[in-house]
Amino acid sequence: MKPRLVLASRSPRRSELLSEAGYSFETISPADDEVSHAWLTIGEVTVWNAARKAVRVSQLVPDAVVLAADTLVTIEGEVLGKPADIADAVRMLRRLSGRAQEVWTAACVRYAARGKTRTFREMSRVHFRTLDEEAIRGYLAKIEPLDKAGAYAAQGHGAEIIERIDGSYTNVVGLPMETTGAVLREFGIVPEQ
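Quick notes on the rules
- Residues numbered from 1 in each chain as written.
- Predicted model: local features only at pLDDT ≥ 70, side-chain atom pairs only at ≥ 80, totals over all residues.
- Heavy atoms only, no water.
- Helix = DSSP H or I, 4+ residues; strand = E, 2+ residues; numbered from the N terminus.
- Rg over C-alpha atoms; globule rule 2.2 N^0.38 Å.
- Buried < 20%, exposed > 50% of the residue type's maximum accessible area, 1.4 Å probe, protein only.
- Contact = heavy atoms within 4.5 Å.
- Areas by Shrake-Rupley, 256 points an atom, 1.4 Å probe, with all protein chains shown as cover.
- Lys, Arg positive; Asp, Glu negative; His and termini not counted.
- Charge placed at Lys NZ, Arg CZ, Asp CG, Glu CD.
- Axes fitted to C-alpha atoms, helices over the stretch in contact; angles between N-to-C directions.
- Parallel < 35°, antiparallel > 145°, perpendicular 65-115°, else oblique.
- Left-handed = near helix turned anticlockwise from the far one by under 90°.
- Salt bridge = Lys/Arg side-chain N within 4 Å of Asp/Glu carboxyl O.
- Pairing = 2+ DSSP bridges.
- Right-handed = clockwise from strand over helix to strand, strands pointing away.
- Arc of directions from axis to C-beta.

Chemist: What should I look at first to understand the overall build of the protein in this one?
Modeler: Counting secondary structure elements, the protein contains six helices and seven strands. In sequence order, the secondary structure elements of the protein are arranged as β-α-β-α-β-β-α-β-β-α-β-α-α. In terms of overall size, the protein behaves like a compact globule, its C-alpha atoms giving a radius of gyration of 17 Å where 193 residues would be expected to give roughly 16 Å. Expressed as lengths along the three principal axes of its C-alpha atoms, the size of the protein is roughly 55 × 40 × 25 Å. Buried positions account for 48% of the 193 residues belonging to the protein. Residue pairs in contact within the protein that sit at least 24 positions apart in sequence constitute 68% of those at least 6 positions apart. If you sum the accessible surface of the protein, you get close to 9300 Å²; carbon and sulfur atoms cover 50% of it. If the 25 positive side-chain charges of the protein are averaged to one point and the 26 negative ones to another, these points end up 4 Å apart.

Chemist: Where do I start with the environment of K142 in this structure?
Modeler: Within the secondary structure, K142 is located in helix α4 (residues 133-142). Once residues within four sequence positions are removed from consideration, K142 is found in contact with H157 and E160.

Chemist: Even after reading the chapter, I still don't get the packing of helix α3 (residues 86-96) against α4, so can you show me in this structure?
Modeler: Where α3 contacts α4, the axes come no closer than 10 Å and their chain directions differ by 130°. Relative to α4, the element α3 is oriented oblique. Crossing hand, α3 versus α4: right-handed. In contact with I86, A89, V90, L93 and R94 of α3, α4 contributes E133, I136, R137, Y139 and L140.

Chemist: Looking at this model, I keep getting lost on the pattern of salt bridges. Mind explaining?
Modeler: In a structure, side chains of opposite charge can pair up when their charged atoms sit close to one another. Counting across every chain of the model gives 16 salt bridges. A salt bridge links R95 to E78, with the shortest nitrogen-to-oxygen separation between them at 2.3 Å. Separated by 17 residues along the polypeptide, R95 in helix α3 and E78 in strand β4 (residues 78-80) bring together distant segments of the chain. We note a salt bridge from D166 to R164, for which the minimum N-O separation is 3.2 Å. Residue D166 is classed as partly exposed on the basis of its relative accessible area, which comes to 34%. Looking at R164, the relative accessible area reads 40%, which means it is partly exposed.

Chemist: Mind showing me how you'd approach the pairing of strand β1 (residues 5-8) here?
Modeler: Working note: regular strand, side chains alternate between the two faces of the sheet. Where burial is concerned, the two faces of β1 agree: the one with L5 and L7 and the one with V6 and A8 are both buried. The pairing of β1 with strand β3 (residues 65-75) spans four bridges and is classified as parallel. Each residue of the ladder has a partner; that of A8, found in β3, is A68. Of the strand pairs in this sheet, β1 and strand β2 (residues 26-27) are connected by two bridges, and their pairing is parallel. Counterpart to V6 in the pairing with β2 is E26. For the handedness criterion, the β-α-β arrangement of β1, helix α1 (residues 12-20) and β2 is classed as right-handed.

Chemist: Even after reading the chapter, I still don't get α4, so can you show me in this structure?
Modeler: Spacing of three or four residues puts side chains on the same side of an α-helix, whose turn is 3.6 residues. Of all the positions in α4, only I136, Y139 and L140 are classed as buried. Down the axis of α4, the buried side of the element spans an arc of 95°, and every buried residue falls inside it. Residues E134 and A141 are exposed on α4 and point more than 90 degrees away from its buried face. Residues of α4 that are buried make contact with α3.

Structure representation (structure tokens):
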């Protein structure tokens with residue numbers, strides 16, 4: 001019998017990506033706060049957070065394959081988290097204007113009943129258009145920036161601010177589906193459509 005898939009995430013974007021790819025899954029939000037330590041690289045922080053979420057949710061559903069992920073946006077080594085308010089979102093977009101930033105996502109797939117875990121990470125580079133105040137304010141009026149690392153989203157109105165993406169587009173959305181699909185197959189999870 002095929003195990004069930006549980007997404008350990010509150011992210012509507014990750015749910016949308018899995019649904020669009022044809023996966024059947026449940027969602028359980030992990031209780032853990034994300035952590036960051038100065039001695040860890042950005043890639044290590046995302047792996048650490050994804051693994052913590054996967055372990056926490058696997059304890060609740062050991063008979064399920066649990067998929068957890070963590071995404072961070074960085075510019076020149078500085079992490080850009082979710083903005084505190086609209087003024088902070090404006091500040092972030094000003095900083096990103098005309099520049100490239102890195103989007104790091106790590107994912108952890110864990111099947112506790114079989115003692116199997118696989119973790120991976122990807123980085124995509126996002127090149128922003130040069131944005132004036134009107135473009136920034138216009139873009140922010142069209143999205144909800146407070147739940148997005150870096151105060152932006154690649155999907156929807158992303159083409160208004162993004163010039164190009166080097167690497168996985170779905171990684172920038174929140175889950176690198178190319179690698180995720182391959183890893184889920186290793187656990188016997190395939191799309192139903």
